[in-house]
Amino acid sequence: MTERSKSWLTETDALAAELDAPDIVIIDASWHMPGDGKNARAEYLDEHIPGAIFFDIDEIADTKSKLPHMLPPPEKFSSRMRGMGIGDGSRIVVYDSAGIYSAARVWWTFRVMGVEDVTVLNGGLPKWKREGLKLESGEPRLRSARHFTSRRNADLVRDVSDMKALIKDGSAEIVDARSGERFSGRAQEPRAGLRSGHIPGAHNLPYARLLRQDGTLKSAAQIEALFSEAGVDLSKPVVASCGSGITASVLALALAEIGHRRAAVYDGSWSEWGADQSLPIETG
């Protein structure tokens, strides 16, 4: 079922001890829902972990798509990474201002692009600040351009055609990271024009249930129990979905952390499925 061989998390004390390591790249991947009235880049400029560079989830994306922050083409991703001074051989640590939230999306994006030496800071910026660790403000220092190669790992991503096939053949478990109210259709979607409900046959595991009160990821035993309680058969491949692919990546991170080797993310998520009147939905 699962075989845990490595951790995809970096602890705050470990990162603090290696801030000056030449091969470490720290990424602030903070992101906020449209309409929240927050500016993640402005917050980054106000305070961030020393040496961190900002990753714009909405720009380092397929900006030709009508869907929000879809995966960028590999050539665009490589170009952006080279310009940011991220190269082959870099050790990448991603964090966000919520704890574990949008950082998981950027972690997953790097893995889709073939990068395996990438981790998420457990507890993110809130834990870092609670522990009184160093912060800095302003623009980051310029990093020299590095050679970066994207090698797309198609096993980690699914599109709408894949999802249509899955609901017919049941070859994988679909798990939705949205709240129970949104999943059941009792609450309206925050994005205009989307129907309420979920993909037929999907299970519901709100991403926040995987996190402790301090924003760190729960233990492997707790994670396995939560997926089991949600009715997910972890002996099968799993595809995570959500509103736009952000919190689905938290589920993917949790699955990877317990050693599940066949977890993917539906990149379009409900932003695509819920907008297409021809696709079936369930409620309740």
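Reading guide: rules and limits
- Positions within a chain are numbered from 1, following the residues in the order the chain's sequence is written.
- With the structure being a predicted model, the display of local features is reserved for residues of pLDDT at least 70 and the display and counting of side-chain atom pairs for 80 or more, all residues being used for whole-chain, interface and lining totals.
- Values reported for side chains reflect all heavy atoms of the structure, with hydrogen atoms and water molecules removed beforehand.
- The numbering of helices and of strands both runs from the N terminus, where a helix is a DSSP run of H or I of at least 4 residues and a strand a run of E of at least 2.
- The buried label applies to any residue whose accessible area, calculated with a 1.4 Å probe on protein chains only, is under 20% of its type's maximum; exposed applies above 50%, and partly exposed to all values in between.
- Contact definition: two residues touch when any of their heavy atoms are within 4.5 Å.
- Per-residue and other accessible areas were derived by the Shrake-Rupley procedure at a 1.4 Å probe size, with only the shown protein chains allowed to occlude residues.
- The convention is simple: Lys and Arg are positive, Asp and Glu are negative, and His and the chain ends are not counted.
- Note that the charge is assigned to NZ on lysines, CZ on arginines, CG on aspartates and CD on glutamates.
- At least two DSSP bridges between two strands are needed for those strands to be called paired.
- In this analysis, axes come from line fits to C-alpha atoms, helices being fitted only over the stretch in contact, and the angle between any two N-to-C directions falls in the range 0 to 180 degrees.
- One side-chain nitrogen of Lys or Arg within 4 Å of one carboxyl oxygen of Asp or Glu is enough to make a salt bridge.

Draft legend 1. Region of the structure containing the overall build of the protein. Secondary structure summary: the protein contains ten helices and ten strands in total. With respect to the three principal axes, the spread of C-alpha positions in the protein is 50 × 40 × 35 Å. A buried classification covers 52% of the 284 residues belonging to the protein. Contacts in the protein between residues at least 24 apart in sequence constitute 78% of all its contacts with a sequence separation of at least 6. Taken as a whole, the protein presents about 12,400 Å² of accessible surface, with 48% of it coming from carbon and sulfur. Computed over 35 positive and 40 negative side-chain charges, the separation of the two mean positions in the protein equals 2 Å.

Draft legend 2. Quick look at the sheet that holds strand β3 (residues 53-54). Reading across the sheet, the five strands line up as β1-β5-β4-β2-β3 and stay open at both edges, with parallel pairing between neighbours. This sheet does not close on itself; its edge strands, each paired only once, are β1 (9-10) and β3. One ladder, built from two bridges, connects β1 with strand β5 (residues 118-121); its direction is parallel. Each bridged residue has a counterpart across the sheet, and for L9 the counterpart in β5 is V120. Here helix α4 (residues 102-112) sits on the sheet and contacts β2 (24-28), β4 (91-95) and β5; the angle it forms with β5, its principal contact strand, is near 175°.

Draft legend 3. Broad picture of the pattern of salt bridges. Considering all chains together, one arrives at 15 salt bridges under this definition. Where K129 meets E47, a salt bridge forms, and the shortest distance between an N and an O atom there is 2.5 Å. Highlighted residues: K129 in helix α5 (residues 124-130) and E47 in the loop between α2 (40-46) and β3, separated in sequence by 82 residues. You can call K129 partly exposed: its relative accessible area is 39%. On the accessibility criterion, E47 (23% relative accessible area) is partly exposed.

Draft legend 4. The arrangement of the sheet that holds strand β8 (residues 203-204) in detail. Taken together, five strands build an open sheet; the order of strands is β6-β10-β9-β7-β8 and the sheet is parallel. Here the strands that pair on one side only, and so sit at the sheet edges, are β6 (157-158) and β8. When strand β7 (residues 173-176) meets strand β9 (residues 238-241), the two strands line up parallel, connected through four bridges. Among the inter-strand pairings, V175 is bridged to a residue of β9, identified as A240.

Draft legend 5. A look at the side chain of D176. Examined against the element boundaries, D176 turns out to sit in strand β7. In this structure D176 touches F183, H198, H203, N204, L205, P206, S241, C242 and L251, once residues within four positions along its chain are discounted.

Draft legend 6. Just unusual backbone geometry, in detail. In this structure, H69 is a non-glycine residue whose phi angle is positive, near 35°. Positionally, H69 belongs in the loop between β3 and α3 (74-83). Residues other than glycine seldom take positive phi values, yet S269 does so here, at roughly 45°. Relative to the helices and strands, S269 is located in helix α10 (residues 269-273).

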